[in-house]
Amino acid sequence: METLIVQTGMRHGRVAELARSSMGVLSIGRGYDNDLVLTDAHIAPRQIRLFRDGDIWRMEVLDNTNPVFLNDTVVDTTLPQVNPGDAITIGRTRLTLHSPDQPVEKTRKLVLANWLSGGSVGFLLPLAVLLFAAAVDLVVVYLLQSTDLKWGGLLSAAMLGIAIALGWAGLWALGGRIIRHQHHFGLQLIATASVLLLATFIELSANLLAWPFHNAQASELLEWIAYFAWVAILLHLNLLIATNLMRTGIAAVLLSAIISGGLYAYYWFAESDVEYNNSVPSYSSTLLPPLLPGSKGASAEEYFARLQKEAGKLGKEN
Amino acid sequence: MITHSTVQLIHGPRRLTVWFALVLAGITLATMTYPTTAANRATELFGDNSTMVRQIRVIDLASGDKFSTGSGFIISPEGLMATNYHVVSSYIHEPEKFRLEAILQDDSVETLDLIAVDVVHDLAIVTAGTAVDTYFALSQKPLSKGDRIYSMGNPLDLGQTIIEGTYNGLVENSRYRKILFSGSLNPGMSGGPALNTNGEVIGINVSKGGEQISFLVPVAHLATLLKDARAATDSTDFSTRIAADLMADQQRFYDDVIANMNSERALGELQVPKKLHPSLNCWGHSVDEEDIRYEATHQHCQSEDAIFVSREIYLGSFRYSFEFAETEELNRFQFYKLLESRFMHRPSYVHADEDEITPYRCHDDKLSLASGNWKVSTCMRSFRELGGLLEVSMVMASLDYPDKAAVVKVSSSGISRENAFLLLRSMAEAVAWKR
């Protein structure tokens, strides 16, 4: 191994605090004549020396005032062998050793950036994806929810949905143009359309999941979770394409939490004041057709016993 | 002969003319006499009785001015006065905020005390504590449809009036059978007396239904209340009395309703209970238009009665409905989406606030009965000051068939907890599919 690389601090990216050996030697200390100068009051002016011994590297401790650790073991006066991946602790500083031929993997960000810069997806493919998503949504809604078997209203809703998706993708493309100097409108549109398609099924499954609870609060909670989930996925993809943010996942989850939490708080406050003028209670109104024959519900005894328990709580809230 | 006959001829027409004139005069007199005597009777009744009718005012203590007005009339030598419960209800609920006073014909003012209330029949007895010489007699004679009756009171604070109308029997389809008075009562006349031609009280003005349709409380309820008021020693706790009256009244009603629950009639492919109480009013309709892809038959029965308890709370509503729906064109998901839009609690008429009624508590679940599987939602809330009377609403929808379903709804306000559970459970179990 010709050269050895020493990395100080644990910070990645941005500041490369790396030192490279030259002529088979690398000295470390507080003094300015060292190869790697560390500003740490607990380190001697000349602290350690790493040197090549044939094919291997060894460490020499030049000052014993404070202990020097190699992989958390105190180094005595011998000259221990060091290898890439070892950690050296001196004073309050931790150093990591690397070999220059250590393979560096391509990151996912890099792959994405590579792919994004590879070329445009054009406009026809995204549009086809969007139309497909809208058509699936239309058919699903028609088959599961339409009671008058009319297409007009559903079609106009689908067209509105398409317009909103185009606008949304357009806004993110504008954002991308500003932040990354690349709009990627086609990709934004594909991402948006795919998530809208996913949302159709996420919201359906929330409805199915809520059914066994027969509880208004459970239905509401699952609805909000479904909403939160697909908004988070959508924002994650949008951010990934439009920005260079390090943690788009966390940012998307936070944004979605803020949006859905804010909306929930808005409805909660809006409703809390009108509770007494509102003469309709909140209850579980989900009805599902017979899908699983043989599933039994509560008996009359059980149901009315639980209802008695609820009645017992009347007037005990405050 | 000729002369004689001529005389006769001459006499003949003359006598005819005289007869004709006499008959004409008679008819004219008769047509004139009838309204004259009727008008005279009203004039006489007003003259005889106006001193025994008072305007009753609820005075807002803070502003010292009138908050609401009604009428009242003297019914005993010790000065007891009858009026409506709803005229004095603000004072009953908030005695620290109001007081009661009566305005006499000479504009002098008396302060009133409350003696007795009958919330169910909307009656109250008040007194100024001073003995009187003249007072109304309570009639004990039955009336026949078409009899003239006269109602007195102080409409819209415009001064004392008398109006004339006819007795039209007792209201049908009602739990508290009031007198149907074909005359026009107006706000402010509440609590005033309705008199027969002899000047005896046959009823108490209470409410208005429409053009020339007004209602009177039959005087028998006032006689009972007067007897109770005289027999009672301690009658200051009116809230307890009101709650007890409401409790006893709902008990009588729901005993009958629940006892009737077994009887069955057909609705589509369903067997449902018949009309559960003679006082209910039932309606039906069906939907089978071409562009609606299902057929539905719907029947609902409801009580037309409402007991005034306070400005926010009217009790006594009871309603149930059965709906049978089937479809050939909708798939099962579409059909149950449609049912979801029917699976709704009936909005309540009670718009009371937090200190009068608790928030709703609901229990929703899947229920398996002999008739099959149902989704049931029951919600209830409790009136805080009425001995725990409840407002309840139950909705249930059948879940067993992809193309036909039943939706059952029951709601009641002013029902005891015990009766509520009996009612809901017997209703849930009374609906069945036809064999």
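Residues numbered from 1 in each chain as written. Chains lettered and ligands numbered in written order. Predicted model: local features only at pLDDT ≥ 70, side-chain atom pairs only at ≥ 80, totals over all residues. Heavy atoms only, no water.

Visitor: Help me out: how do you make sense of the state of the cysteines in this one?
Guide: When the sulfur atoms of two cysteines share a covalent bond, that bond is a disulfide. All names here are of chain B. With the rule as written, the count across this model stands at two disulfides over all chains. With its sulfur 2.0 Å from that of its partner, Cys 282 forms a disulfide with Cys 301. Looking down the S-S bond of the Cys 282 and Cys 301 bridge, the torsion is 110 degrees, so its handedness is right-handed. Highlighted residues: Cys 282 in strand β15 (residues 280-287) and Cys 301 in strand β16 (residues 295-303), separated in sequence by 19 residues. By relative accessible area, which is 27% here, Cys 282 ends up partly exposed. Judged by relative accessible area, which is 1%, Cys 301 ranks as buried. A sulfur-sulfur separation of 2.1 Å characterises the disulfide bridge that pairs Cys 362 with Cys 379. Across the S-S bond linking Cys 362 and Cys 379, the dihedral sits near 110 degrees, which makes this disulfide right-handed. Highlighted residues: Cys 362 in strand β20 (residues 361-369) and Cys 379 in strand β21 (residues 372-382), separated in sequence by 17 residues. Residue class for Cys 379 comes out buried when judged on its relative accessible area of 1%. Here the cysteine-cysteine linkages of chain B are recorded as 1-2, 3-4, numbering only bonded cysteines and doing so in sequence order. (Disulfide = S-S within 2.5 Å. Helix = DSSP H or I, 4+ residues; strand = E, 2+ residues; numbered from the N terminus. Buried < 20%, exposed > 50% of the residue type's maximum accessible area, 1.4 Å probe, protein only.)

Visitor: Any chance you could explain the pairing of strand β1 (residues 5-8) of chain A here in plain terms?
Guide: Walk down a regular strand and you will see the side chains alternate between the two sheet faces. Residue and element names in this part refer to chain A. Of the two faces of β1, the one holding Ile 5 and Gln 7 and the one holding Val 6 and Thr 8 are both buried throughout. In this sheet, strand β2 (residues 18-20) lies alongside β1 in antiparallel orientation, the contact comprising three bridges. Counterpart to Val 6 in the pairing with β2 is Ala 19. Looking at chain direction, β1 and strand β11 (residues 93-98) are connected through four bridges and run antiparallel. Paired with Gln 7 across the bridge in β11 is Thr 96. (Pairing = 2+ DSSP bridges.)

Visitor: Before we go on, may I ask you to explain the sheet that holds strand β4 (residues 98-103) of chain B in this structure?
Guide: Two modes of strand pairing occur in sheets, parallel and antiparallel, and in both the strands are linked by backbone hydrogen bonds. Residue and element names in this part refer to chain B. In spatial order, the strands read β1-β2-β3-β6-β5-β4; together these six strands close into a barrel with antiparallel pairing. Sheet twist, expressed as the average angle between the axes of neighbouring strands with direction ignored, equals 40 degrees. Where strand β1 (residues 53-60) and strand β2 (residues 66-74) come together, seven bridges link them in antiparallel fashion. Directly across from Val 58, in β2, lies its bridge partner Ser 68. Contacts from helix α2 (residues 85-93) reach β1, β2, β3 (80-83), β4, β5 (109-118) and β6 (123-127) within the one sheet, and its direction differs from that of β5 by about 100 degrees. (Axes fitted to C-alpha atoms, helices over the stretch in contact; angles between N-to-C directions. Contact = heavy atoms within 4.5 Å.)

Visitor: What should I look at first to understand the interface of chain A and chain B in this one?
Guide: Quoted interface sizes are often the accessible area lost when the parts come together. Each partner contributes to the interface: chain A provides 50 residues, whereas chain B provides 57 residues. Here chain A and chain B share an interface that buries about 5,000 Å² over both sides, 60% of which is from carbon and sulfur atoms. Summed over the shared surface of chain A and chain B, the result is three salt bridges. A salt bridge links Arg361(B) to Glu310(A); its shortest N-O distance comes to 2.8 Å. Along the contact surface separating chain A from chain B lie 18 residue pairs in polar contact (both at pLDDT 80 or more). Listing elements by their share of the side of chain A that touches chain B, those giving two or more residues are α2 (124-145) and α7 (300-312) of chain A. Considering each element in turn, the side of chain A that touches chain B owes the most residues, ten residues, to α7(A). Here the side of chain A that touches chain B is built from residues that sort into 22 nonpolar, 19 polar and nine charged. (Buried area = accessible area lost by both parts, 1.4 Å probe. Salt bridge = Lys/Arg side-chain N within 4 Å of Asp/Glu carboxyl O. Polar contact = N/O pair within 3.5 Å; in protein donor to acceptor, adjacent residues only side chain to side chain. Nonpolar A, V, L, I, M, F, W, Y, C, P; charged D, E, K, R; others polar.)

Visitor: Is there a simple way to think about the environment of Val126(B) in this case?
Guide: Residue and element names in this part refer to chain B. Counting through the fold element by element, Val 126 comes out in strand β6. Owing to a relative accessible area of 0%, Val 126 belongs among the buried residues under this scheme. Counting along the chain gives 198 residues from Val 126 to Phe 324, while the straight-line C-alpha distance between them is 52 Å.

Visitor: Sorry, what's going on with the pairing of strand β10 (residues 87-90) of chain A here?
Guide: Residue and element names in this part refer to chain A. The two faces of β10 match: Ala 87 and Thr 89 on one face and Ile 88 and Ile 90 on the other face are all buried. Alignment of strand β7 (residues 68-70) against β10, held across three bridges, turns out to be antiparallel. Across the sheet, residue Val 68 finds its bridge partner in β10, namely Ile 90. Two strands pair when backbone bridges link them, and β10 and β11 are joined in this way by four bridges, in the antiparallel orientation. Across the sheet, Ile 90 pairs through a bridge with Thr 93, a residue of β11.

Visitor: What is the right way to look at helix α6 (residues 417-430) of chain B in this model?
Guide: The α-helix winds at 3.6 residues per turn, so residues separated by three or four positions along the chain end up facing the same way. For α6(B), built from 14 residues, the straight-helix expectation of 20 Å at 1.5 Å per residue is met to within 8% by its first-to-last C-alpha distance of 20 Å. Residues of α6(B) that are buried: Asn419(B), Ala420(B), Phe421(B), Leu423(B), Leu424(B), Ser426(B), Met427(B), Ala428(B) and Ala430(B). (Expected span 1.5 Å × (residues − 1).)

Visitor: Just checking my understanding: could you explain a nonpolar patch on the surface for this structure?
Guide: All names here are of chain A. The grouping of Leu 171, Leu 174, Ile 178 and Ile 179 at the surface amounts to a nonpolar patch, some 430 Å² of accessible area in total. Relative to the assigned elements, Leu 171 resides in helix α3 (residues 152-179). A residue is classified by how much of its surface remains accessible, and Leu 171, at 59% relative accessible area, is exposed. (Patch = residues over 30% accessible without salt bridge, like charges linked within 9 Å, V, L, I, M, F, W, Y side chains within 5 Å. Areas by Shrake-Rupley, 256 points an atom, 1.4 Å probe, with all protein chains shown as cover.)

Visitor: What's the story with the pattern of salt bridges in this structure? I'm lost.
Guide: By the definition in use, this model includes 25 salt bridges over all chains. With its nearest N and O atoms 2.2 Å apart, the salt bridge here joins Arg148(B) to Glu164(B). Highlighted residues: Arg148(B) in strand β7 (residues 148-153) and Glu164(B) in strand β8 (residues 161-170), separated in sequence by 16 residues. A relative accessible area of 32% places Arg148(B) in the partly exposed class. Given a relative accessible area of 31%, Glu164(B) falls into the partly exposed group. Salt bridges sharing common partners tie together Glu301(A), Arg425(B) and Glu429(B).

Visitor: What is the right way to look at the confidence of the model for chain B in this model?
Guide: The predicted coordinates ought not to be read in detail in places where the model reports low pLDDT. Residues and elements named next belong to chain B. Of all residues in chain B, 90% attain a pLDDT of 70 or more, and the chain-wide mean is 87. Here helix α1 (residues 2-49) stands out as the element of chain B with the lowest mean pLDDT, 56, in contrast to strand β22 (residues 390-398), whose mean of 96 is the highest. Ignoring residues within four places in sequence, the model shows residues 1-13, a span with pLDDT below 50, making four contacts including any to other chains. Counting contacts from residues 29-36, a segment whose pLDDT is below 50, to residues more than four positions away or on other chains yields one contact. Among the scores for the predicted complex, ipTM is 0.81 and pTM is 0.77. (pLDDT = per-residue confidence, 0-100.)

Visitor: How do you make sense of the packing of aromatic side chains when you look at a structure like this?
Guide: For any pair of aromatic rings, geometry is given as the distance between the ring centres together with the angle between the planes. Residue and element names in this part refer to chain B. Under the definition given, this model contains 24 aromatic pairs over all chains. Ring centres of Phe 73 and Phe 136 lie 5.7 Å apart, and the angle between their planes is 85 degrees; this geometry places the pair in the edge-to-face category. Of this pair, Phe 73 sits in strand β2 while Phe 136 sits in the loop between β6 and β7, and the two are 63 residues apart along the sequence. Grouping residues by exposure puts Phe 73 and Phe 136 together as buried. Measuring from ring centre to ring centre gives 5.0 Å for Tyr 401 and Trp 433, while their planes differ by 75 degrees; the resulting arrangement is edge-to-face. Placement of Tyr 401 in the loop between β22 and β23 (404-415) and of Trp 433 in strand β24 (residues 432-433) is noted, with a sequence separation of 32 residues between them. According to the relative accessible area criterion, Tyr 401 is partly exposed, its value standing at 31%. Assessed through its relative accessible area of 11%, Trp 433 is described here as buried. (Phe/Tyr/Trp six-rings, centres within 6.5 Å; stacked < 30°, edge-to-face > 60°.)

Visitor: Help me understand the packing of α7(A) against α6(B), please; the structure alone is not making it clear to me.
Guide: Any two packed helices are characterised by how steeply their axes cross, that is the angle between the axes, and by the distance between the axes. Contact geometry of α7(A) with α6(B) gives a least axis separation of 11 Å together with a crossing angle of 150 degrees. One way to sum up the angle between α7(A) and α6(B) is to call them roughly antiparallel. Crossing handedness for the pair α7(A) and α6(B): right-handed. For the pair formed by α7(A) and α6(B), the contact residues are Ala300(A), Glu301(A), Phe304(A), Leu307(A), Gln308(A), Ala311(A) and Gly312(A) on the first element and Arg417(B), Phe421(B), Leu424(B), Arg425(B), Ala428(B) and Glu429(B) on the second. Within the contact of α7(A) with α6(B), the residues separate by chemical class into seven nonpolar, two polar and four charged. (Parallel < 35°, antiparallel > 145°, perpendicular 65-115°, else oblique. Left-handed = near helix turned anticlockwise from the far one by under 90°.)

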